[in-house]
Amino acid sequence: MITLEFKLKGRETQYRIVDEMIRTFQFVRNKCLRLWIDGRNVKLSEVNAEATKIRHNLEFPWAGKLESSAAQAASERAMSAIRRFYDNCKAKVPGKKGFPKFQKNNRSVEYKVAGWKLSSDRKRITFTDKFKAGTFKLVGSYDLNFYALKAIKRVRIVRRSDGYYCQFCIAVERNISIAPTGKCLGIDLGLSKFYTASDGSTVENPRHLRKAEKALKRAQRRVSSKFRTHKKQGEKVKQSNNYKKACRRLGKRHLTVQRRRKDFVVKTAKALLESSDFIAYEKLNVKNLVKNHKLSKSISDAAWTQFTGWIERYGMLYKRPVVAVLPQYTSSDCSGCGTRVKKSLSVRTHVCPKCSLVIDRDENAALNILVKGLNRAGMALNLSTPGHGGINASGQTNLCLLDENLSDKLTE
Ligand SMILES: [Zn+2]
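Residues numbered from 1 in each chain as written. Predicted model: local features only at pLDDT ≥ 70, side-chain atom pairs only at ≥ 80, totals over all residues. Heavy atoms only, no water.

### Let's talk about the overall build of the protein chain
Counting its secondary structure elements, the protein chain contains 10 helices and 14 strands. Counting only residues that meet the buried cut, the protein chain has 42% of its 412 residues in that class. In the protein chain, 68% of the contacts between residues at least 6 apart in sequence involve partners at least 24 apart. Per element, the accessible surface of the protein chain, about 23500 Å² overall, is 52% carbon and sulfur. Separation of charge centres in the protein chain, based on 83 positive and 36 negative side chains, amounts to 8 Å. (Helix = DSSP H or I, 4+ residues; strand = E, 2+ residues; numbered from the N terminus. Buried < 20%, exposed > 50% of the residue type's maximum accessible area, 1.4 Å probe, protein only. Contact = heavy atoms within 4.5 Å. Areas by Shrake-Rupley, 256 points an atom, 1.4 Å probe, with all protein chains shown as cover. Lys, Arg positive; Asp, Glu negative; His and termini not counted. Charge placed at Lys NZ, Arg CZ, Asp CG, Glu CD.)

Pasting the structure below:
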């Protein structure tokens, strides 16, 4: 499955209709969730059927304008939120279980195979439901003519600070085979270095948020200064156009940071998978790590979860095994002899009293992660021969499957 994104170009009135579509989509999703929260022992199939009932309910005439497949997609979103909550409860995830919430600022509307139509040259899209949003121009560098129309399984409109986008989810098999490199890598994620690999190579942390912070703060101050407070309690004040303008500018600045971060993460993950036949990384519990208030912003900015997600994705694409390992003792154990050497975070060099190995702290951790990963993948390891011949053999797909099971186990 791939997702292609285009910018939607239309008239201002059309965009307002899209806003209405997004609001209705959110309304249906929330109504479905309401049924589950208020009722007892509500089955997921009933939640699914609720979407159709809402569309035909005369109390909400506007909900009937939404295409039926879009209403289904909305109820699916409610169901996936419920399912995630159940899964977390079943897996006994420590702390909050993520009880589903009512959405307030949904930014997208989703269609399945109906409710939209592409023009013959596939450069324009028309939304055919009762909202009558009309035809939009698709601006982007992809060519939809390349794919079969039947392969387009979902069409999604997403609202961002700088406009409206249309995403096409297309079911295509992607098979890319690249030449084996004869290398296996363990990677240690960090803040001073984005990652340190077991072969000693490092990638600098780009710190996108830190770099943009000054501009972000300026934009945020502008928003605050334009905000009108209410004179009396409970009285609603209409915000000025300048306030809205300032909000948009702030949103755009955040969007830029977000895009730079994603671009970096995707490219780094791709380069990593292309340069190695096997990747082991540590499965960090970022949710717990960000509780450290001094580091939370830097940790979020580093986008480790996003990065490892893309490593997994490229692993699937290139059919190269990717294994997540538990992070316990990876930085304290000696990669040479296995002695546990306790050290504080400020000690940047690993010095082993037993085998007198002196090595960079992160590199030591990366080596440990590699060993753990290869062990988990069920392979014997001989560190003196980093080029591991057996990995390139036909067992790759099996390893990918194995890895899926592993990551399931790790999250439990
Ligand atoms: Zn040692």
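Anyway, onward from the coordinates.
### Some words on the coordination of the zinc ion
Metal coordination angles have textbook ideals: 109.5 degrees for a tetrahedral set of four donors and 90 or 180 degrees for an octahedral set of six. Around the zinc ion, the protein supplies Cys334 (SG), Cys337 (SG), Cys352 (SG) and Cys355 (SG) as donor atoms, at distances of 2.2 to 2.3 Å. Metal-centred angles of 106 to 115° between the 4 donor atoms at the zinc ion mark the site as tetrahedral. Between the donor residues of the zinc ion, the gaps in sequence give the motif C-x2-C-x14-C-x2-C. Note that Cys334 is positioned in the loop between β12 (322-325) and β13 (349-351) and Cys352 in the loop between β13 and β14 (358-360), a separation of 18 residues in sequence. Comparing Cys334 with Cys352 shows no difference in burial state: the two are buried. (Donors = N, O, S within 2.8 Å, 3.2 Å for Na, K, Ca; no water. Tetrahedral: all angles 85-135°; square planar, octahedral: opposite > 155°, others 65-115°.)

### Thoughts on the environment of Lys104
With respect to the element layout, Lys104 can be found in the loop between α3 (68-90) and β2 (108-111). Looking at Lys104, the relative accessible area reads 77%, which means it is exposed.

### What about the packing of aromatic side chains?
Applying the stated criterion across every chain yields a total of 23 aromatic pairs. With a centroid separation of 6.1 Å and an interplanar angle of 35°, the aromatic rings of Phe85 and Tyr86 are classed as tilted. Taking relative accessible area as the criterion, Tyr86 reaches 39% and is therefore assigned partly exposed. Arranged with centres 5.1 Å apart and planes meeting at 85°, the rings of Phe85 and Phe99 form a pair that is edge-to-face. On the criterion of sequence distance, the pair formed by Phe85 in helix α3 and Phe99 in the loop between α3 and β2 is long-range, its members being 14 residues apart. The exposure class of Phe85 is buried, given its relative accessible area of 14%. (Phe/Tyr/Trp six-rings, centres within 6.5 Å; stacked < 30°, edge-to-face > 60°.)

### Observations concerning the UniProt feature "domain: Cas12f1-like TNB" (unreviewed entry) in the protein chain
In the numbering adopted here, UniProt assigns the feature "domain: Cas12f1-like TNB" (unreviewed entry) to residues 304-369. Regarding residues 304-369, the helix share stands at 36% and the strand share at 15%, and the terminal C-alpha atoms are separated by 16 Å. (UniProt positions renumbered as here; feature names shortened; annotations may be inferred.)

### Here's the deal with the nonpolar core
Side chains that are nonpolar tend, in soluble globular proteins, to be buried together. Residues Met21, Ile125, Phe127, Leu138, Phe168 and Ile170 are the most contacted members of the largest nonpolar core, which totals 48 residues. Examining the composition of this core, we find that 9 residues originate from one element, helix α1 (residues 12-38), more than from any other. Ignoring sequence-local partners within four residues, the contact set of Phe168 consists of Ile2, Thr3, Leu4, Phe6, Leu118, Ile125, Leu138, Leu144, Ile152, Arg154 and Val155. Counting 28 residues, the second-largest nonpolar core is a separate cluster that includes Leu185, Val266, Ile311 and Leu317. (Core = buried A, V, L, I, M, F, W, Y, C linked by side-chain atoms within 4.5 Å.)

### Brief notes about the pairing of β2
Because side chains alternate across β2, one face comprises the buried residues Ser108 and Glu110, and the other comprises Val109 and Tyr111, equally buried. Pairing of β2 with strand β6 (residues 152-160) involves 4 bridges; the strand directions are antiparallel. Residue pairing across strands places Val109 opposite Ile157, the latter belonging to β6. (Pairing = 2+ DSSP bridges.)

### Describing the sheet that holds β12
Strand-to-strand pairing in sheets goes through backbone hydrogen bonds, with the strands running parallel or antiparallel. Read from one edge to the other, the open sheet built from 5 strands follows the order β10-β9-β8-β11-β12, with strand pairing classed as mixed. On the outer flanks of this sheet lie β10 (202-204) and β12, each paired with one strand and no other. When the angles between neighbouring strand axes are averaged without regard to direction, this sheet yields 20°. By the bridge criterion, 4 bridges tie strand β8 (residues 184-189) to strand β11 (residues 278-282) in an arrangement that is parallel. In the strand pairing of β11, Leu185 is matched with Ile279. Contacts from helix α9 (residues 361-376) reach β8, β9 (193-197), β11 and β12 within the one sheet, and its direction differs from that of β8 by about 125°. (Axes fitted to C-alpha atoms, helices over the stretch in contact; angles between N-to-C directions.)

### Describing the sheet that holds strand β7 (residues 163-170)
Strand order in the open sheet made by the 7 strands is β2-β6-β7-β1-β5-β4-β3, with antiparallel pairing throughout. Two strands lie at the open edges of the sheet, namely β2 and β3 (116-118), each paired on one side alone. The sheet shows a mean angle of 30° between the axes of neighbouring strands, taken without regard to direction. One ladder, built from 3 bridges, connects β3 with strand β4 (residues 124-127); its direction is antiparallel. Residue pairing across strands places Lys117 opposite Thr126, the latter belonging to β4. Contacting β1 (2-9), β2, β4, β5 (134-139), β6 and β7, α1 runs over the sheet at an angle of about 80° to β2.

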